[in-house]
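# Working through the structure, step by step
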Amino acid sequence: MAISRRKFLGCITAALGTTTGAGALAHAASNKDFTGYPDSFGVLHDSTKCIGCRKCEQACNEVNSLAKPGKPFDDLTVLDQKRRTGEASYTIVNKFGNPPVFAKTQCNHCQEPACASACFVKALKKDPSGAVTYDESLCVGCRYCMVACPFNIPAYTYNDPLTPKVTKCTMCLPRIKEGKLPGCVEICPREALIFGKRDKLVTLAWEKIDRNPDHYFKHLYGEHEMGGTSWLYLSQVPFTKIGMREDLGVTSAPKLTSGALGAVPIIVGLWPVLLTGVYAISKRKEKIAEEEQESAVQNAKDLASQEMKDQLLKLSKKMTKEKETAIANGVKKALVEVEEAAKKAEQAAADAAEDATNPETTSDDSEKEEE
Amino acid sequence: MEFFTFHDFMTYTKGITYLVMGAILIFMPLYWLYLTDRDD
Amino acid sequence: MVAQDQPMEKSSILTPFNVITSIILFVGVILMFLRFTRGIGAVTNLDNNNPWGLWIGFDLLCGVALAAGGYVTSSACYVFGLKRFHSAVRPAILTAFLGYALVVFALNFDVGRPWKLPYPIFVSQGTSSLLFEVGLCVFLYLTVLFVEATPAAFEWLGFKKLRTWVVRLTLVLTIFGVVLSTLHQSSLGALFMIVPSKLHPLWYSGYLHVYFFISSIFAGMSMVIFEGSMAHRWLHDKMDATHLAQSDGVVLGFGKAASFMMMGYVGIKIIGIAVDNNWHYLSTGWGAWFLLELIGFVLFPAILYGMGAREKNLTFIRIASLWTVLGIILNRLNISVIAFNWQLPSDLRYVPSFMEVGTTIFIITLGVVVYKFIVTRMPILYEHPDYKEEH
């Protein structure tokens, strides 16, 4: 049996190996920190340097060949109204307060994008370069990405009847691949936009804050918001004053939904078991009830049939008695009748004897009968 | 397979999980039949 | 049955019902034409800040919640062994099937490129999305409901073998139905778990998926009761003795169950406030609106249900069912439209356009017309004489 024992040990080892391996993986999965693509790009927007010239808007418009706006880009009165990104404007500069502070808005290219997490056709993806890309050919147009985006960035071409699509900043991924800077970064005359590796930009930004603590509000927006974004922001005033929400929290979008998503497979695994169990129990109860009912009915039937039999027996006994009496009576009756008949016969014989002595009467009678 | 974002990890693992779910939904009724088809 | 309904329909084509529905359907077809020639923007008030409006908030969320009667009734009857609900199963399954079919139909208006609706299942699976889960389940459940609804059609058409074959699958289909319903009813709530920054904290919760699932159960029961009372009013002649004899029991049983379930729901909603420490919001305007929903449209109808069940008062239960249905609609609209984007200035908020409302009315009317068509022809509210005493 040595071979089989060796086989057995081998099996054990293999089993142990798999279980420990799986255990390690499961541990890694539930406790692993995902830090984003290494060496991904980002842009640091130093809003304290922005002068609201709208050159970035213009460059973006040209690079992406978007529809020309009604008012030209050098018309700065546009800034008097708060705007958001749209199908013809992937980036927007807004003006806040007096003296004015400016802030540029565009897709923040989240480290854990809410839009990509929400997309049910993988039309939106986080590219290793850092850009969140959109594939129009897959998009169904459910607009859940727009619902999910905490920054209200994606726009939709609602007035296109047959081929509407989501529009948003691409981080100029095609240009990055060519080794060029994003359109807005390249044109910025004040170096309010710095393109680079996100890790380096985080360090640079904190150096700026540390070097000039009176000039900067001590917060690097985008470092942790919603799990971090590729675009990072510096400001002189609290970010709520330049239209940016500080209450988004640091939990990334996929983390917000992972609990509910994790409940799904467990329900699929357990519901059939529980429901079939409930069914089996109810069926069993039903069967027992049925059996009880059946036996009760059988008992009742048995009882009833016993009674019936007794009654029948009584009845038949009664009947036999009656019959017997009836027969006896009949016999008596018959005897009486026979006696009477005999008497009658005797009587008749006596009469006949008398008639023989008197023939005339007899012939007369016979003649009458013939008529 | 290495994942850099939690989103990629979720997409991959949930993809596998959905396949497992499909297998469970097919297997469980068949196993129930196996368990019960000699009853009565 | 044929002899009964034929003269009624032939003699009066110009009934108020027919006139009103045909006007609505006509307007609906025009709206559909506008939607697909001028775009979503031309018929809706949707914009980049408010990508989901009435068509998702009502047609999808309320439609799915109110179609829950199918899985609730069929599981009560076939899984939990409550045979006295048997005559309520067919109408509930039919309504659920029509409900889901209309949800999918309505989605064709709302999504940008409706012909790509099969993409998430067959082309590119975005498995990290709760919407993928919803889409997959709705697709599968619509199939299950269709199969569950076919015996009535097979009886009508006289396909005996097919019918027997499908009826044999009843239990498996019912359990699949409950699994799929649990999943997508709850996932519809979980759709909004990705937007803690947009949905008001009183409605946003880590328990959103549980709330949606539990509320779908009493939504389904209420809808079965409400629909039953409508059918009694208008389709009384289509019901057989079994249906009529069981219907009071269905109303009382579901009324009692819904009442208890709603009390439990009030409890878990309060737990939700407690775990997130949202008490202070209750004293705001939004808090008043939240309490109106929870007390005015869940607690009160639950009590009315309870009184009706105790006193055996069917009128109370019927009123409570309509009340609960309105409460469910209020809840789903609160989460998807009213308390969604609550922080946006009022001029950026969404109000549905007349054409959106018109399209929704069109879709509901379409459902009523198809329901009437089927119920007056197929053995839904009565048992087919050939298949009696079989179950």
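Source: prediction; values computed, not measured.

Before going further, it helps to spend a moment on unusual backbone geometry. Both trends apply: most residues other than glycine have a negative phi, and most peptide bonds are in trans. Residues and elements named next belong to chain A. Following N98, the chain continues to P99 via a peptide bond in cis, the omega torsion being 0°. You can see P99 is positioned in the loop between β2 (92-96) and β3 (101-105). Positioned with a positive phi, K122 is a non-glycine residue whose angle comes to about 55°. Topologically, K122 is positioned in the loop between α3 (114-118) and β4 (124-126).

The next point concerns the pairing of strand β9 (residues 231-234) of chain A. Residues and elements named next belong to chain A. Taking every second residue as pointing to the same face, both faces of β9 are buried, with W231 and Y233 on one and L232 and L234 on the other. Here four bridges tie strand β1 (residues 41-46) to β9, and the two strands are oriented parallel to one another. Considered in β9, the bridge of V43 is made with W231.

Okay, the interface of chain A and chain B next. Reports often express the size of an interface as the amount of accessible area lost when the parts come together. Between chain A and chain B, the contact holds 27 residues from the first and 18 residues from the second. In total, chain A and chain B occlude about 2,000 Å² of area from one another, counting both sides; carbon and sulfur atoms represent 77% of this. If you sort the residues of chain A by the area they bury against chain B, A:F34, A:Y37 and A:V268 come out on top, with a joint share of 25%. Applying the counting rule to chain A against chain B returns zero salt bridges. Linking chain A with chain B are five residue pairs in polar contact (both at pLDDT 80 or more). Mapped by element, the contributors of at least two residues to the side of chain A that touches chain B are α3 and α8 (253-356) of chain A. Per-element tally for the side of chain A that touches chain B: the top contributor is α8(A), with 14 residues.

On to helix α12 (residues 241-275) of chain C. All names here are of chain C. Taking 1.5 Å per residue, 35 residues should reach 51 Å; α12 reaches 51 Å between its end C-alpha atoms and fits that length. At S247, α12 shows its maximal bend, which comes to roughly 30°. N277 lies just past α12 and shows a positive phi near 50°.

Within the secondary structure layout, C:T315 lies in helix α14 (residues 314-338). Residues C:T315 and C:S229 lie 86 residues apart in sequence; the distance between their C-alpha atoms is 9.6 Å.

To continue, consider the interface of chain C and chain A. Taken together, the 60 residues of chain C in the interface contact 56 residues of chain A. Interface of chain C and chain A: buried area, both sides summed, is about 4,900 Å²; carbon and sulfur atoms make up 62% of it. Ranking the residues of chain C by area buried against chain A places C:N48, C:R113 and C:I194 at the top, with a combined share of 16%. Joining chain C to chain A, the criterion identifies three salt bridges.

We now examine the nonpolar core. Formed by 184 residues in total, the largest nonpolar core has its most connected members in A:Y144 and C:F192. Among residues more than four places away in sequence, those in contact with C:F192 are A:Y144, C:W52, C:L61, C:L199, C:Y204, C:L208, C:I335, C:S336 and C:F340. If you look at the next biggest cluster of nonpolar residues, it comprises nine residues, including A:L201, A:V202, A:I209 and A:L220.

Moving on to the environment of A:L270. Inspection of the secondary structure puts A:L270 in helix α8. For A:L270, a relative accessible area of 46% puts it in the partly exposed group.

Another point: the environment of B:M10. Topologically, B:M10 is positioned in helix α1 (residues 6-36). On the accessibility criterion, B:M10 (5% relative accessible area) is buried. B:M10 sits 13 residues away from B:A23 along the chain, and the two C-alpha atoms are 20 Å apart. Excluding its chain neighbours within four sequence positions, the residues that come into contact with B:M10 are A:S258, A:L261, B:G15, C:T127 and C:S128.

Take the packing of aromatic side chains next. This model, assessed by the stated rule, comprises 33 aromatic pairs over all chains. Measuring from centroid to centroid gives 5.7 Å for A:F34 and B:F6, while their planes differ by 40°, and the two rings are tilted. Here A:F34, found in the loop between α1 (2-31) and β1, pairs with B:F6, found in helix α1, and the two come from separate chains. Like A:F34, the residue B:F6 is buried in the burial classification. One aromatic cluster is present, built from ring pairs that chain together A:F34, B:F3, B:F6, B:F9 and B:Y12. The ring of C:F212 carries the charged tip of C:R332 above its face, separated from the ring centre by 3.9 Å.

Attention shifts here to the pattern of salt bridges. All names here are of chain A. The full count for this structure, using the stated rule, is 14 salt bridges over all chains. Taking the shortest distance from any N to any O, the salt bridge between D80 and K95 comes out at 3.2 Å. Linking D80 in the loop between α2 (55-63) and β2 with K95 in strand β2, this pair joins segments that are 15 residues apart in sequence. Residue K95 is classed as partly exposed on the basis of its relative accessible area of 34%. With a closest N to O distance of 3.0 Å, R245 and D247 form a salt bridge. Accessibility expressed as a relative area gives 46% for D247, which makes it partly exposed. Taken together, the shared-partner salt bridges connect R54, E57 and R83 into one network.

As a further point, take a negative patch on the surface. Residues and elements named next belong to chain A. On the surface, a cluster of negative charge is made up of E290, E291, E292 and E294. Take E291: it is sitting in helix α8. E291 gets classed as partly exposed once you look at its relative accessible area, which sits at 46%.

All right, on to the confidence of the model for chain A then. All names here are of chain A. With 86% of its residues at a pLDDT of 70 or more, chain A has an overall mean of 86. In this model residues 8-29 is a low-confidence stretch, pLDDT under 50, and it forms two contacts with partners more than four residues away in sequence or in other chains. Low pLDDT (under 50) marks residues 360-371, which in the prediction has one contact with non-local residues, meaning those over four places away or in another chain.

What counts as what
Residues numbered from 1 in each chain as written. Chains lettered and ligands numbered in written order. Predicted model: local features only at pLDDT ≥ 70, side-chain atom pairs only at ≥ 80, totals over all residues. Heavy atoms only, no water. Helix = DSSP H or I, 4+ residues; strand = E, 2+ residues; numbered from the N terminus. Buried < 20%, exposed > 50% of the residue type's maximum accessible area, 1.4 Å probe, protein only. Pairing = 2+ DSSP bridges. Contact = heavy atoms within 4.5 Å. Buried area = accessible area lost by both parts, 1.4 Å probe. Salt bridge = Lys/Arg side-chain N within 4 Å of Asp/Glu carboxyl O. Polar contact = N/O pair within 3.5 Å; in protein donor to acceptor, adjacent residues only side chain to side chain. Expected span 1.5 Å × (residues − 1). Bend = angle between axes of the 7 residues up to and from the residue. Core = buried A, V, L, I, M, F, W, Y, C linked by side-chain atoms within 4.5 Å. Phe/Tyr/Trp six-rings, centres within 6.5 Å; stacked < 30°, edge-to-face > 60°. Lys NZ or Arg CZ within 6 Å of the ring centre and 35° of its normal. Patch = residues over 30% accessible without salt bridge, like charges linked within 9 Å, V, L, I, M, F, W, Y side chains within 5 Å. Areas by Shrake-Rupley, 256 points an atom, 1.4 Å probe, with all protein chains shown as cover. Lys, Arg positive; Asp, Glu negative; His and termini not counted. Charge placed at Lys NZ, Arg CZ, Asp CG, Glu CD. pLDDT = per-residue confidence, 0-100.

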